[in-house]
Amino acid sequence: MKRLKTMPVIGVRPQIVKAAPLIKLLNENRNVHLQLVHTGQHYDIEMSRVFFKDFNLPAPKTNLGVGSGTHAQQTATMMIRIEKAILHYRPDVVIVFGDANTALAGALAAVKLRVPTAHVESGLRSGNLAMPEEVNRTVVDHCSDILFAPTRLAVRNLLNEGIDKDSIFHVGDTMVDTLVQWRRAIGASGILDRLGLRPEEYTVLTTHRAENVDDRSKLKAILSAVSRTRTLTVFPMHPRTRKNLINFNLWSKMKRSNIILPIDPLDYIDMLSLVKSSRLLLTDSGGMQKEAFLLRVPCLTLREETEWQETIATGANRLVGTDPSKILKEATRVLANKDARRKLAKLKSPYGSGHASRRIVSTLLRVCR
Ligand code: UD1
């Protein structure tokens, strides 16, 4: 029988995490041919290559080398290069992940060539179209043919927008698959020793959203609130955030506080291990909110809304925005509650049990051949 020609398109760090277990299954399946495309949206070694090494993934067949730019420049350049790759390879299906510009460019290039397109992590909505990711995920859902939804709520969101139920597949969340596969390695990471940390005696902070870190006053507000918690806060830093801290003249003040410990971006295993043993995660990342939930670590989200609404409904996550008094009040409340983590341990997960990628492969083989 003819092999199914699949073209997953990835480009940013969290897409590698979401796609890793699926790429592995596609690569191993005799009925599938894998043509992995990397757009190069993320290009630093610690933002991309290190994840391929960690997850033992095959190197992408094609790296489009797009790099940074304005949204239009970046998305348009990716579209032009993805179109060429599609025309060259002629896949039976293009697979895109999440909500970054890479996903938008992949879906638009494929749909205009009338190549079937599958969207992994479909149906998420935060309701805030001021976020580029909300625009991306909505457009991608409405032009894709096969929608892989991680949760029931995601399915409902798609149905509410009039999407045909026959194109929606509730498969669970592929980031659970990744976590299940690497749980043992996460437990064995030596990151706490390397940083001189003791379990449950520190907070983790991540912030990289353009709306937070490109705005000096918001970035300053977040850092000042964190410093006032008087709890050691490990801060693995996205390159965008590092550049802005330096440009905004906030770097040395942050270092002087002796509360915030800035470090380079971590690989997946060390990052998850760091969060797993922390007392609290403060973040504006989408994926990290969910990973904190899966690890049953309390999370405060530095945004006014979230697409991961189930984490809020269960009480594991709270939206604190960037108002320093709110961040400080909520962080103090969580840090004072010694039972906060144990209470979360009993929560049921809406994200599935680690079989999403397997379901995606069998659905693709059924629907696309
Ligand atoms: C992108 C995604 C975001 C995702 C994030 C994960 C969009 C619109 N945003 O945001 O949804 O949560 O990836 O990290 O697609 N840079 C480097 N080295 C790199 C990559 C970026 O130095 O390897 C710097 C550059 O200054 C660049 C800036 O970071 O201009 C922003 O990078 P970009 O890819 O545009 O967006 P992210 O903020 O990473």
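Nothing here was measured: the structure is a model prediction, and the numbers come from that model.

1. A word on the packing of helix 10 (residues 216-228) against helix 16 (residues 324-336)
For the pair helix 10 and helix 16, interaxial distance at closest approach is 8 Å and the crossing angle is 30°. Comparing their axes, helix 16 and helix 10 come out roughly parallel. In this structure, the crossing between helix 10 and helix 16 has a hand that is right-handed. For the pair helix 10 and helix 16, contact is made by Ala 221, Ile 222, Ser 224, Ala 225 and Arg 228 and by Pro 324, Ile 327 and Leu 328, respectively. Of the residues belonging to the contact of helix 10 with helix 16, the class tally is six nonpolar, one polar and one charged.

2. Describing empty space enclosed by the protein
Scanning the model with the defined rule gives one cavity of 30 Å³ or more in all. For the largest cavity, the calculated volume is near 50 Å³. Taken together, Lys 18, Val 120, Glu 121, Phe 148, Pro 150, Val 171, Gly 172, Asp 173, Thr 174 and Ile 360 form the lining of the largest cavity. Per-class residue counts for the lining of the largest cavity are five nonpolar, two polar and three charged.

3. Some words on the sheet that holds strand 12 (residues 280-283)
Note: strands within a sheet are paired through backbone hydrogen bonds, in either parallel or antiparallel orientation. Here we have six strands laid out as an open sheet, ordered 11-10-9-12-13-14, and parallel in their pairing. Either end of the sheet is taken by a strand with one partner, and the two such strands are strand 11 (260-263) and strand 14 (317-319). When strand polarity is set aside, the average angle formed by the axes of neighbouring strands in this sheet is 20°. Both strand 9 (residues 203-206) and strand 12 contribute to a ladder of four bridges, which runs parallel. In the strand pairing of strand 12, Val 204 is matched with Leu 281.

4. Some points on the domain arrangement of the protein
Taken domain by domain, the protein holds domain 1 (4-173 + 352-367) and domain 2 (189-344). Counting residues at the interface gives 23 residues for domain 1 and 19 residues for domain 2. Of the roughly 1700 Å² buried where domain 1 meets domain 2, counting both sides, 57% is carbon and sulfur surface. Linking domain 1 with domain 2 are eight residue pairs in polar contact (both at pLDDT 80 or more). Counting only elements with at least two residues in the side of domain 1 that touches domain 2, the list comes to helix 1 (13-28), helix 2 (49-54) and helix 5 (132-143). The biggest single contributor to the side of domain 1 that touches domain 2 is helix 2, with three residues.

What counts and what doesn't
- Residues numbered from 1 in each chain as written.
- Predicted model: local features only at pLDDT ≥ 70, side-chain atom pairs only at ≥ 80, totals over all residues.
- Heavy atoms only, no water.
- Axes fitted to C-alpha atoms, helices over the stretch in contact; angles between N-to-C directions.
- Helix = DSSP H or I, 4+ residues; strand = E, 2+ residues; numbered from the N terminus.
- Parallel < 35°, antiparallel > 145°, perpendicular 65-115°, else oblique.
- Left-handed = near helix turned anticlockwise from the far one by under 90°.
- Contact = heavy atoms within 4.5 Å.
- Nonpolar A, V, L, I, M, F, W, Y, C, P; charged D, E, K, R; others polar.
- 1 Å grid on protein atoms, 1.4 Å probe; cavity = no way out; pocket = protein on both sides within 12 Å on 5 of 7 lines; lining within 4 Å.
- Points joined across faces, edges and corners; volume = space filled by probe spheres on them.
- Pairing = 2+ DSSP bridges.
- Domains from an automatic or database assignment.
- Buried area = accessible area lost by both parts, 1.4 Å probe.
- Polar contact = N/O pair within 3.5 Å; in protein donor to acceptor, adjacent residues only side chain to side chain.

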